[in-house]
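# Examination of the molecular architecture
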Amino acid sequence: MSLQNTLKALSDPIRREILNLLKSGRLSAGEICDHFDVTGASISRHLSVLKEADLIRDTREGKFIYYDLNASVLEEILLWVKDLKGETDHD
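To keep things clear, this report deals only with the structure shown in the data block. (Residues numbered from 1 in each chain as written. Predicted model: local features only at pLDDT ≥ 70, side-chain atom pairs only at ≥ 80, totals over all residues. Heavy atoms only, no water.)

This model, assessed by the stated rule, comprises one aromatic pair. With a centroid separation of 6.4 Å and an interplanar angle of 45 degrees, the aromatic rings of F64 and Y66 are classed as tilted. Just above the ring of Y66 sits the side chain of R26; from NZ or CZ to the centre is 4.0 Å. (Phe/Tyr/Trp six-rings, centres within 6.5 Å; stacked < 30°, edge-to-face > 60°. Lys NZ or Arg CZ within 6 Å of the ring centre and 35° of its normal.)

What follows is the structure, given as structure tokens:
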């Protein structure tokens, strides 16, 4: 995982909204698509970018693919931003 891939993935508002949706728990690709006014192919590409950045994980169950948030990568980003700001856990 590279920071550049992660920041690229987070730069798009649709991808950020997908991450927000996944905060509540796993969703299928179809359930994610239902929240947006774009094509399924577009959502598929967004999911692919998020997976490449390791921000989400997928699990196949039968004919469905479910997506989960990978919070550990987001935690790493938050720690990096805190470090940039000069914050410590004691602040």
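Read on, since the account is not over.
With that settled, the discussion passes to the nonpolar core. In terms of nonpolar packing, the biggest core is built from 18 residues, with I18, L22, I32, L47, L50, L55 and I56 touching the most fellow members. Elements represented by at least two residues in this core include exactly α1 (3-10), α2 (13-22) and α4 (40-52). Excluding its chain neighbours within four sequence positions, the residues that come into contact with I18 are I32, F36, H46, L47 and L50. (Core = buried A, V, L, I, M, F, W, Y, C linked by side-chain atoms within 4.5 Å. Buried < 20%, exposed > 50% of the residue type's maximum accessible area, 1.4 Å probe, protein only. Helix = DSSP H or I, 4+ residues; strand = E, 2+ residues; numbered from the N terminus. Contact = heavy atoms within 4.5 Å.)

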